[in-house]
Structure formats: C-alpha cells, structure tokens
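Here is how the chains run, residue by residue.
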Amino acid sequence: MANLAFIATSLDGYIADKNNEIDWLYSIPNPNNLDMGFVKHMQSIDALVMGSNTFELVLTLECEWPYSKPVFVLSNTLSSVPASCEGKFSIVKGDLRELTTKLQDDGYKNLYIDGGVTIQNFLKDDLIDEMIITTIPVLLGAGISLFGQLKDTLEFRCIKSEVFPHGISQSHFKRHRI
C-alpha cells in the first residue's frame, strides 16, 4: 500500500494564498492544457483521502463531481453526506494509521492523500510514501504552507524532476526508510 500526495505549491511553498484562494495556480499560461501527470496519477490510485477544507473547495468548483474513484473525506465536523453528494464520498474520522489499515483491508492499496492539513497530519504520522509536488513559479509571500512542523526528520529521495512550459516544475519524491 502506498499513500501518495499530488499537490501544487507556490515557489515559496504555499498551497493557498493569504485569503485561502488558489487562483494563482492558473496565473501561468498552460496553452496546451497539459495535465502535468494528473491523469496518470489518478489511474495509479484506488481511492482518495481528503480533508474537509479541500472537500469544501471541490464543492465550489464549477464542474461536475471530478472523481471517478472512491473519496473518503476526513472530518470531525461533517456528520452526514449532503443530498447533492449522495454516493460520491464517505465521511471518515479517527486515527490515520487505523484508517489506512482499514482502507487497505477493504482493498484500497494506493491512496491519494489530498489537502494541506491532511498531508501534514499524514506526514506527522510518517504515512506518506510518495509526494509529487508541482511548483508554480510565483511568490505569494504568505498563505497556507504545505508543510508544518514535524516531531522527527523524514527523509525523501527525488526520483524524478520535470520542467514544463513557462517554468512550472514537478518533482517526484519517495520516502527513504532505513
């Protein structure tokens, strides 16, 4: 089982600006509509685990439900699935190690971990196996940081880096465990 993070940051490491907005993600032109590996990533996973903030952001997108894989929303405040989203996701809570073990037992081997706080919490419990980080070459100066404080140092190895048009870069890291 692998827990994989696939996320974009600003050059200074923020996933949202100081107003919790992500419009800056689209500030660099992408005239060829490159998906930068997202489709391949989605094909490699069995399910998504996302935080409630990310879930709420997804609900504001002007599109149909964007996921074809099962979605598990981590939330201590959501108690039921809104009628408009019936059958699209499940609410989960509790210890992340127990949750990932349960999901693995249920047949979900590769999990896409999405959302800043969720990724931080998985990192705190040393539950991220791989990270694909796309860097948008803009400096925000403030906002929501991808990484928080950790009690222990976690070592990763960069196994691939790629540069896309207009200076967008992407690096793929694997957790190095001794």
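The structure this text deals with has already been given above.
Residues numbered from 1 in each chain as written. Predicted model: local features only at pLDDT ≥ 70, side-chain atom pairs only at ≥ 80, totals over all residues. Heavy atoms only, no water.

*Asks:* Where do I start with the overall build of the protein chain in this structure?
*Replies:* When helices and strands are counted, the protein chain shows 4 helices and 10 strands. Secondary structure elements of the protein chain occur, N-terminal to C-terminal, as β-β-α-β-α-β-β-α-β-α-β-β-β-β. Judged by the C-alpha coordinates and their principal axes, the protein chain covers about 45 × 40 × 30 Å. A total of 178 residues make up the protein chain; the buried ones form 40% of that total. Pairs at least 24 apart in sequence give 67% of the contacts found in the protein chain among residues at least 6 apart. (Helix = DSSP H or I, 4+ residues; strand = E, 2+ residues; numbered from the N terminus. Buried < 20%, exposed > 50% of the residue type's maximum accessible area, 1.4 Å probe, protein only. Contact = heavy atoms within 4.5 Å.)

*Asks:* What is the right way to read the packing of aromatic side chains from this model?
*Replies:* Each pair of aromatic rings is reported with the distance of its centres and the angle of its planes. Inspection of every chain in the model, using the stated rule, returns 4 aromatic pairs. On the basis of an interplanar angle of 65 degrees and a centroid distance of 5.5 Å, the ring pair of phenylalanine 6 and phenylalanine 38 is categorised as edge-to-face. With a gap of 32 residues between them, phenylalanine 6 in strand 1 (residues 2–10) and phenylalanine 38 in helix 1 (residues 38–44) connect regions that are remote in the sequence. According to the relative accessible area criterion, phenylalanine 6 is buried, its value standing at 10%. (Phe/Tyr/Trp six-rings, centres within 6.5 Å; stacked < 30°, edge-to-face > 60°.)

*Asks:* I would appreciate a short explanation of the pairing of strand 7 (residues 130–136) in the present structure.
*Replies:* A regular strand places its side chains so that they alternate between the two faces of the sheet. Of all 7 residues in strand 7, 7 are buried, a share of seventy percent or more. Residues of strand 7 alternate between two faces, with Glu130, Ile132, Thr134 and Ile136 on one and Met131, Ile133 and Thr135 on the opposite face, all of them buried. Taken together, the 6 bridges between strand 7 and strand 10 (residues 169–175) define a ladder with antiparallel strand orientation. Its bridge partner being in strand 10, threonine 135 is matched across the sheet by serine 169. (Pairing = 2+ DSSP bridges.)

*Asks:* Please clarify how helix 3 (residues 96–105) should be interpreted in this entry.
*Replies:* It helps to recall that an α-helix has 3.6 residues per turn; residues three or four apart then point in one direction. Within the span of helix 3, buried status applies to Leu96, Leu99, Thr100 and Leu103. In a view along the axis of helix 3, the buried residues occupy a sector of 95 degrees, so they form one face of it. In helix 3, those exposed residues whose orientation departs by more than 90 degrees from the buried face are Glu98 and Asp105. Next to the buried residues of helix 3 lie strand 1, strand 3 (47–51), strand 4 (71–74), strand 5 (90–92), strand 6 (110–114) and helix 4 (116–124). N-cap assignment for helix 3: the residue whose side-chain oxygen lies 3.0 Å from the backbone N of arginine 97 is aspartate 95. Backbone geometry just downstream of helix 3 places glycine 107 in the positive-phi region, at approximately 100 degrees. (Arc of directions from axis to C-beta. Polar contact = N/O pair within 3.5 Å; in protein donor to acceptor, adjacent residues only side chain to side chain.)

*Asks:* Help me out: how do you make sense of the environment of serine 169 in this one?
*Replies:* Its location among the elements puts serine 169 in strand 10. Judged by relative accessible area, which is 23%, serine 169 ranks as partly exposed. Setting aside its immediate chain neighbours within four residues, serine 169 contacts Ile133, Thr134, Thr135, Glu162 and Val163.

*Asks:* How should I be thinking about the nonpolar core in this particular structure?
*Replies:* Within soluble globular proteins, side chains that are nonpolar tend to cluster in buried spots. Val49, Leu74, Leu99, Ile113, Ile119, Phe122 and Ile128 are the most contacted members of the largest nonpolar core, which totals 22 residues. Listing elements by their share of this core, those giving two or more residues are strand 1, strand 3, strand 4, helix 3, strand 6, helix 4 and strand 7. If we ignore the near neighbours within four places in the chain, the residues touching leucine 99 are Val49, Leu74 and Val92. Counting 16 residues, the second-largest nonpolar core is a separate cluster that includes Phe6, Val58, Val71 and Val73. (Core = buried A, V, L, I, M, F, W, Y, C linked by side-chain atoms within 4.5 Å.)

*Asks:* Even after reading the chapter, I still don't get the pairing of strand 9 (residues 156–163), so can you show me in this structure?
*Replies:* Where strand 9 and strand 10 come together, 7 bridges link them in antiparallel fashion. In the strand pairing of strand 10, phenylalanine 156 is matched with arginine 175. Taking the residues between adjacent antiparallel strands as the criterion, strand 9 and strand 10 are bridged by 5 residues, where histidine 166 takes a positive phi near 65 degrees.

*Asks:* When you look at unusual backbone geometry in this model, what are you seeing that I'm missing?
*Replies:* Trans is the prevailing form of peptide bonds, just as negative phi is the prevailing case for residues other than glycine. A positive phi angle, close to 65 degrees, is found at asparagine 20, a residue other than glycine. Structurally, asparagine 20 can be placed in the loop between strand 2 (14–16) and helix 1. Although it is not a glycine, histidine 166 adopts a positive phi angle of roughly 65 degrees. Structurally, the position occupied by histidine 166 is in the loop between strand 9 and strand 10.

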